[in-house]
Amino acid sequence: MSIWNGISNFLFGNSCIGCLRSGLPLDPWLCPDCRKELQRLARNPRHPSPDVLCLYSMTPLTKNLVHGLKYGNMPGLAGYLVNMALQERETDETLHDWGKSLAFVPVPLHPARMRERGYNQAERLAHAISRRMHGIVLQALERKSFRVSQTTLSREGRACNVAGAFEVKKRCAWPENRIPVIVDDVYTTGATTTACLYAFEKKNLGGFAKVCTLLYEESATAHVDFAADNAMEWHV
Ligand SMILES: [Zn+2]
């Protein structure tokens, strides 16, 4: 590494977000190796159920990226990750199969967390997908009360924690014929998106609702969660 690169890295912290190595050409987020790996991962979108699309699976690389998006003050990563994923035919076709008139609805952050973070990563993702799909973004949901962080809870705990946590805003006039697509960063047990779908069902808007997340996190008990989530989401 040249002295200038060393100084530059120190001043600007321009290391690869994926592998944290410095002194490599960046695009501007990833080094060539990580970019190639991300392109490979984008070729295998995940479908935890027919109406759920996850753009990438959870790997050490994508975990670092979503961490940067959520906690690293890097909202620009949303557009980068979405654009790369939507270059893949299967992802693009799945979204087009959902309909021509999609309304992307980000899972809302609690206002306290929004103040702390300054942006809602799900909203950034929703705007990035919407731009590519010529859809619209509707901030149609709100949180009803503050809940403890999902990351510290078991699967059952998560479901209880978020059940009834969202509602469709009272002043939201849903545009006719728009299909709701709930957008979130990570799909693990489906508890959060299920709670959002419940909110839409209460307004009789849930019949065609879809879910799109950036990552699919497969836990050791994912096959159990998968069956349980499907029952919760689509047959209640
Ligand atoms: Zn890298």
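Here is what the cut-offs are and how they apply
- Residues numbered from 1 in each chain as written.
- Predicted model: local features only at pLDDT ≥ 70, side-chain atom pairs only at ≥ 80, totals over all residues.
- Helix = DSSP H or I, 4+ residues; strand = E, 2+ residues; numbered from the N terminus.
- Buried ≥ 20, exposed ≤ 12 C-beta atoms within 10 Å, placed from the backbone.
- Contact = placed C-beta atoms within 7 Å.
- Axes fitted to C-alpha atoms, helices over the stretch in contact; angles between N-to-C directions.
- Parallel < 35°, antiparallel > 145°, perpendicular 65-115°, else oblique.
- Left-handed = near helix turned anticlockwise from the far one by under 90°.
- Nonpolar A, V, L, I, M, F, W, Y, C, P; charged D, E, K, R; others polar.
- Pairing = 2+ DSSP bridges.
- pLDDT = per-residue confidence, 0-100.

S.K.: How do you make sense of the overall build of the protein when you look at a structure like this?
M.R.: Check the secondary structure of the protein and you find 10 helices and eight strands. Residues counted as buried form 39% of the 236 residues belonging to the protein. Contacts in the protein between residues far apart in sequence, at least 24 positions, make up 68% of those at least 6 positions apart.

S.K.: Would you mind going over the packing of helix 4 (residues 77–86) against helix 7 (residues 121–133) with me for this structure?
M.R.: In helix packing, the relevant descriptors are the interaxial angle and the interaxial distance, both defined with respect to the helix axes. Here helix 4 crosses helix 7 at 40 degrees, and the two axes come no closer than 9 Å. In terms of orientation, helix 4 and helix 7 fall into the oblique class. Where helix 4 crosses over helix 7, the two elements pack in a sense that is right-handed. Along its contact with helix 4, which presents A78, G79, V82, N83 and L86, the element helix 7 presents Q121, R124, L125, A128, I129 and R132. The residue inventory of the contact of helix 4 with helix 7, partitioned by class, reads six nonpolar, three polar and two charged.

S.K.: Where do I start with the pairing of strand 1 (residues 46–49) in this structure?
M.R.: Each regular strand carries side chains that alternate between the two faces of the sheet. The sheet contact formed by strand 1 and strand 2 (residues 52–57) spans two bridges and is antiparallel. Bridging from a neighbouring strand, S49 pairs with V52 of strand 2. Remark: two residues form the turn of the hairpin made by strand 1 and strand 2, two consecutive strands paired antiparallel.

S.K.: Would you explain the confidence of the model for the protein in this entry?
M.R.: As a general rule, the predicted coordinates of low-pLDDT regions are not to be interpreted in detail. Averaged over the protein, the pLDDT score is 84; the fraction of residues at 70 or greater is 79%. Here residues 4–8 is a poorly scored stretch, pLDDT under 50, and it has three contacts once near neighbours within four places are set aside; other chains count. In this model, residues 220–236 is a region of pLDDT below 50 whose contacts with residues beyond four sequence positions or in other chains number 16 contacts.

S.K.: Sorry, what's going on with the environment of P180 here?
M.R.: By the secondary structure assignment, P180 is in strand 7 (residues 179–187). Residue classification places P180 among the buried positions, given that 26 C-beta atoms sit within 10 Å. Spatially, the C-alpha atom of P180 lies 5.0 Å from that of A103, the residues being 77 residues apart in sequence. Contact partners of P180, with chain neighbours within four places excluded, come to A103, V105, F200, L205 and A209.

S.K.: What is the right way to look at the packing of helix 3 (residues 60–71) against helix 4 in this model?
M.R.: Running from N to C, helix 3 and helix 4 cross one another at 145 degrees; their axes reach a closest spacing of 9 Å. For the pair formed by helix 3 and helix 4, the contact residues are L65, G68 and L69 on the first element and L77, A78 and L81 on the second. Per-class residue counts for the contact of helix 3 with helix 4 are five nonpolar, one polar and no charged.

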